[in-house]
Amino acid sequence: MNVVGVSHLWLLLIYVLIFVLIVGGAVAVVLLVVRSSRPGQSLKLVDRRECPACREWMRRDASLCPHCRTPSEPWTFHNGRWWVQRADGWHYLDERSGAWQRPEQGAPPR
Ligand SMILES: [Zn+2]
């Protein structure tokens, strides 16, 4: 009688452990999905752009393509916009149209 009671206790403990592992794993997956889908400054900073040479994706703030090692002008995140410096001055990226714009006013990054 006593032996049966102890083995039931072990069985209960194993059930509880399995339950905790399943619930813990589900919570971890939900947290990962929520964190990766939340827009924010930190995600903006790791946005991607196309390499002008090989068309592979690279970080917007990178100056060297990780795929083909071609150098290109890095973009700068400033006042909520991505900027790039060209021969005729600073341009910012209009995210809605995807086109580069000359600033009418305001401070480009220094
Ligand atoms: Zn490249």
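Residues numbered from 1 in each chain as written. Predicted model: local features only at pLDDT ≥ 70, side-chain atom pairs only at ≥ 80, totals over all residues.

Below, the discussion takes up the overall build of the protein. Secondary structure assignment for the protein yields two helices and six strands. Burial status across the protein gives 5% buried among its 110 residues. At a minimum sequence separation of 6, the contacts of the protein that also span at least 24 residues come to 10%. (Helix = DSSP H or I, 4+ residues; strand = E, 2+ residues; numbered from the N terminus. Buried ≥ 20, exposed ≤ 12 C-beta atoms within 10 Å, placed from the backbone. Contact = placed C-beta atoms within 7 Å.)

Strands sit in the order β3-β4-β5-β6 across an open sheet of four strands; the sheet is antiparallel. Edge positions in the sheet fall to β3 (76-78) and β6 (99-101), since each of these pairs with one other strand and no more. When the angles between neighbouring strand axes are averaged without regard to direction, this sheet yields 40°. Alignment of strand β4 (residues 81-86) against strand β5 (residues 89-94), held across four bridges, turns out to be antiparallel. Looking at β5, one finds that R86 is bridged to G89. (Pairing = 2+ DSSP bridges. Axes fitted to C-alpha atoms, helices over the stretch in contact; angles between N-to-C directions.)

Once that is clear, we can look at unusual backbone geometry. A positive phi angle, near 65°, is found at R55, a position not held by glycine. Checked against the element boundaries, R55 lands in the loop between β1 (48-50) and β2 (57-59). Here R55 falls in the exposed class, since 10 other C-beta atoms lie within 10 Å of it. Its identity as a non-glycine residue notwithstanding, R69 has a phi of 65°, on the positive side. Relative to the helices and strands, R69 is located in the loop between β2 and β3.

This next bit is on the UniProt feature "transmembrane region" (unreviewed entry) in the protein. Per the UniProt record, "transmembrane region" (unreviewed entry) is annotated on residues 12-34. For the annotated span residues 12-34, helix accounts for 100% and strand for 0% of the residues, and the straight-line distance between the end C-alpha atoms is 33 Å. (UniProt positions renumbered as here; feature names shortened; annotations may be inferred.)

Right, let's get into the pairing of β5. Between β4 and β5, which follow one another and run antiparallel, lie two residues. Where β5 and β6 come together, three bridges link them in antiparallel fashion. Within β6, the position partnered with D94 by the bridge is A99. With antiparallel pairing between neighbouring strands as the criterion, β5 and β6 make up a hairpin whose turn holds four residues, including G98 at a positive phi of roughly 75°.

Consecutive residues of a regular strand have side chains that alternate between opposite faces of the sheet. Across three bridges, β3 lies against β4 in antiparallel orientation. For F77, the partnering residue across the bridge sits in β4 and is W82. A loop of two residues connects β3 with β4, the two strands running antiparallel in sequence, and N79 in this loop sits at a positive phi of about 55°.

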